[in-house]
Amino acid sequence: DVPAFSKHLQIHTLGEKVVGLQYVGGDDTGGVMDFKNLAKPQLLIRISIPGPNNESHVLAIDKDATALTLRDLISLLNKKKHSIHFHAQYFNFYFEGQTKAKDALNLGKAIIDLEANRQLVLLPKFLSQNDDINEAYSLTLVRLANERREYHSSKVRSARKNKKRLLVVDRYRIVKKGLDESIVGGNDHVPIDIISITDLKVNDKNTKQFIIEYRKPQNTATTTQVYELDNQQECQHFVQKVKYLITLRKLQGI
């Protein structure tokens, strides 16, 4: 046994790295506190966040926190990640396996009213003209899903000279624009619809290049092309952005 600390001491003045806690109440526990019985019953909410990092978080919510809503989960996620990654204006929750756009959950729904299978998916919204673009684009996943982005590249051809291309990615397609002055018949090429892409990856042999496989309109056969971007970072960003758009469109059924 060791003597108890004086009640007037502050914890940062103790000068000890390890201290013990003893309950001195008048029950029959022998002076030992039963922490297990003091713990509040909790609900465990698992939230999956598809994206370049494919995150998954589990939040423990007290069952007696009846006022908490799905909107509050967004604040709890930001707190867990120690910065603002999500905003209720630009994200929606869905039940796992029910991620069509029409299945978005009401953010005012009480957490205790969720179904027994508390598996949620958090997805960014596709923005409208009424949204604050500057605010929305401060959130990485919202920007990745919505920003129209240009990439300078060269189409790699095995037997002929490479052709310079400007690739413009939006929510629906990849537009290819020729940058060579000698192109006959115009500089625009048939765009690649996001939903038509069957495979996309960084080239293992050259990390500035990506390999894309897709189906042309009204054609069941696939086409494979190789493009080289200015640097490895641009190539990685292109692949991440397009893959994320593919994932969103599959999950949302659009």
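Residues numbered from 1 in each chain as written. Predicted model: local features only at pLDDT ≥ 70, side-chain atom pairs only at ≥ 80, totals over all residues. Heavy atoms only, no water.

Visitor: So what exactly am I meant to see when it comes to the overall build of the protein here?
Guide: Scanning the protein from N- to C-terminus turns up five helices and 11 strands. Per-residue burial over the protein gives 35% buried out of 254 residues. Long-range contacts, defined as pairs at least 24 residues apart, comprise 48% of the intrachain contacts of the protein with a sequence gap of at least 6. (Helix = DSSP H or I, 4+ residues; strand = E, 2+ residues; numbered from the N terminus. Buried < 20%, exposed > 50% of the residue type's maximum accessible area, 1.4 Å probe, protein only. Contact = heavy atoms within 4.5 Å.)

Visitor: Help me out: how do you make sense of unusual backbone geometry in this one?
Guide: A negative phi holds for most residues other than glycine; trans holds for most peptide bonds. Unlike most non-glycine residues, N54 shows phi in positive territory, near 45 degrees. As for its placement among the helices and strands, N54 is situated in the loop between β1 (42–49) and β2 (55–62).

Visitor: Would you take a moment to explain the confidence of the model for the protein for this structure?
Guide: Low pLDDT marks regions whose predicted coordinates should not be analysed in detail. Confidence along the protein averages 86 in pLDDT terms, with 81% of residues attaining 70 or more. Least confident of the elements in the protein is helix α1 (residues 35–38), whose mean pLDDT is 55; most confident is helix α4 (residues 140–146), at 97. (pLDDT = per-residue confidence, 0-100.)

Visitor: Got a minute to help me understand helix α2 (residues 70–81) in this structure?
Guide: Note: α-helices contain 3.6 residues per turn, so residues at a spacing of three or four share the same orientation. The end-to-end C-alpha distance of α2 is 17 Å, a good match for the 16 Å that 12 residues give at a rise of 1.5 Å each. Restricting attention to buried positions, one finds in α2 the residues L70, L73, I74, L77 and N78. Mapping the buried residues of α2 onto a view down its axis gives an arc of 140 degrees, with all of them on the same face. Its buried side turned inward, α2 meets β1, β2, β3 (91–95) and β4 (119–124). H82 sits one or two positions beyond α2 and adopts a positive phi of about 65 degrees. (Expected span 1.5 Å × (residues − 1). Arc of directions from axis to C-beta.)

Visitor: What is the right way to look at the sheet that holds β3 in this model?
Guide: The strands that make up a sheet are held in pairs by hydrogen bonds between backbone atoms, and each pair lies either parallel or antiparallel. Across the sheet, which stays open at both edges, the four strands sit in the order β2-β1-β4-β3 with mixed pairing between neighbours. Lying at the two open borders of the sheet, with one neighbouring strand each, are β2 and β3. This sheet shows a mean twist of 30 degrees between the axes of neighbouring strands, independent of strand direction. The sheet contacts of α2 involve β1, β2, β3 and β4, and relative to β2 the element is tilted by about 115 degrees. (Pairing = 2+ DSSP bridges. Axes fitted to C-alpha atoms, helices over the stretch in contact; angles between N-to-C directions.)

Visitor: Before we go on, may I ask you to explain the sheet that holds strand β7 (residues 173–178) in this structure?
Guide: Read from one edge of the open sheet, seven strands run β8-β7-β6-β5-β11-β10-β9, paired in antiparallel fashion. Two strands lie at the open edges of the sheet, namely β8 (192–193) and β9 (197–202), each paired on one side alone. Summarising the sheet, strand β10 (residues 209–215) and strand β11 (residues 222–229) pair through seven bridges and their orientation is antiparallel. If you follow I211 over to β11, its bridge partner there is V226.

Visitor: In this structure, what is going on with the nonpolar core? I would like to understand it.
Guide: The nonpolar side chains of soluble globular proteins are, as a tendency, buried together. In this structure, I47, L73, F93 and L120 are the most contacted members of the largest nonpolar core, which totals 36 residues. At the level of secondary structure, the elements contributing two or more residues to this core comprise β1, β2, α2, β3, β4, α4 and α5 (232–252). Once you skip the residues sitting within four places of it in the chain, L120 turns out to touch I45, R46, I47, S48, L70, L73, F93, Y94, F95, E96, L105 and L114. Core analysis: the second largest hydrophobic core is formed by 19 residues, I174, F210, Y227 and F238 among them. (Core = buried A, V, L, I, M, F, W, Y, C linked by side-chain atoms within 4.5 Å.)

Visitor: What's the story with the packing of aromatic side chains in this structure? I'm lost.
Guide: For any pair of aromatic rings, the description rests on two quantities: the centre-to-centre distance and the angle between the ring planes. Inspection of every chain in the model, using the stated rule, returns four aromatic pairs. A ring pair is formed by Y151 and F238, whose centres lie 5.1 Å apart and whose planes are at 85 degrees; its orientation type is edge-to-face. Separated by 87 residues along the polypeptide, Y151 in strand β5 (residues 149–156) and F238 in helix α5 bring together distant segments of the chain. Cluster of aromatic residues (ring-pair linked, three or more members): Y151, F210, Y227 and F238. (Phe/Tyr/Trp six-rings, centres within 6.5 Å; stacked < 30°, edge-to-face > 60°.)

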